[in-house]
Amino acid sequence: MSMLYNIWGLIVLASFIWVVYDIFTNNKGLDPIKKALWIIVAFLFGILGAAAYYFLGKK
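Residues numbered from 1 in each chain as written. Predicted model: local features only at pLDDT ≥ 70, side-chain atom pairs only at ≥ 80, totals over all residues. Heavy atoms only, no water.

K.L.:
Would you mind showing me how to read the overall build of the protein chain here?
P.N.:
For the protein chain, the count of helices and strands is three helices and zero strands. The linear arrangement of helices and strands in the protein chain, starting from the amino end, is α-α-α. Across its three principal directions, the C-alpha atoms of the protein chain cover 40 × 15 × 15 Å. The 59 residues of the protein chain split such that 24% are buried. Relative to all contacts within the protein chain whose residues are 6 or more apart in sequence, the contacts with residues 24 or more apart total 54%. Of the roughly 4,500 Å² of accessible surface on the protein chain, 75% is carried by carbon and sulfur atoms. (Helix = DSSP H or I, 4+ residues; strand = E, 2+ residues; numbered from the N terminus. Buried < 20%, exposed > 50% of the residue type's maximum accessible area, 1.4 Å probe, protein only. Contact = heavy atoms within 4.5 Å. Areas by Shrake-Rupley, 256 points an atom, 1.4 Å probe, with all protein chains shown as cover.)

K.L.:
Even after reading the chapter, I still don't get the packing of aromatic side chains, so can you show me in this structure?
P.N.:
In this description, an aromatic ring pair is defined by two values, namely the gap between the centres and the angle between the planes. Counted according to the given criterion, the structure contains five aromatic pairs. Between F16 and F43, the ring centres sit 5.7 Å apart and the planes meet at 65°, which makes this aromatic pair edge-to-face. Of this pair, F16 sits in helix α1 (residues 2-25) while F43 sits in helix α2 (residues 32-45); the two residues are 27 residues apart in sequence, bridging distant segments of the chain. Ring centres 5.5 Å apart and planes at 70° place the aromatic pair W38 and Y53 in the edge-to-face group. (Phe/Tyr/Trp six-rings, centres within 6.5 Å; stacked < 30°, edge-to-face > 60°.)

Below you can see the structure in the form of structure tokens.
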């Protein structure tokens, strides 16, 4: 069961890193406040936050 948690943790970490990377490279026109909010949402909600960013915040 421990390996499953490790894999899940890596997936969550990768989704968070993807959101941060995408915000600073592809969404340069986004308000700094919105950038910070999306990063916080991705950090707190993991994959759900990344999915929300992909469907709602990505331009």
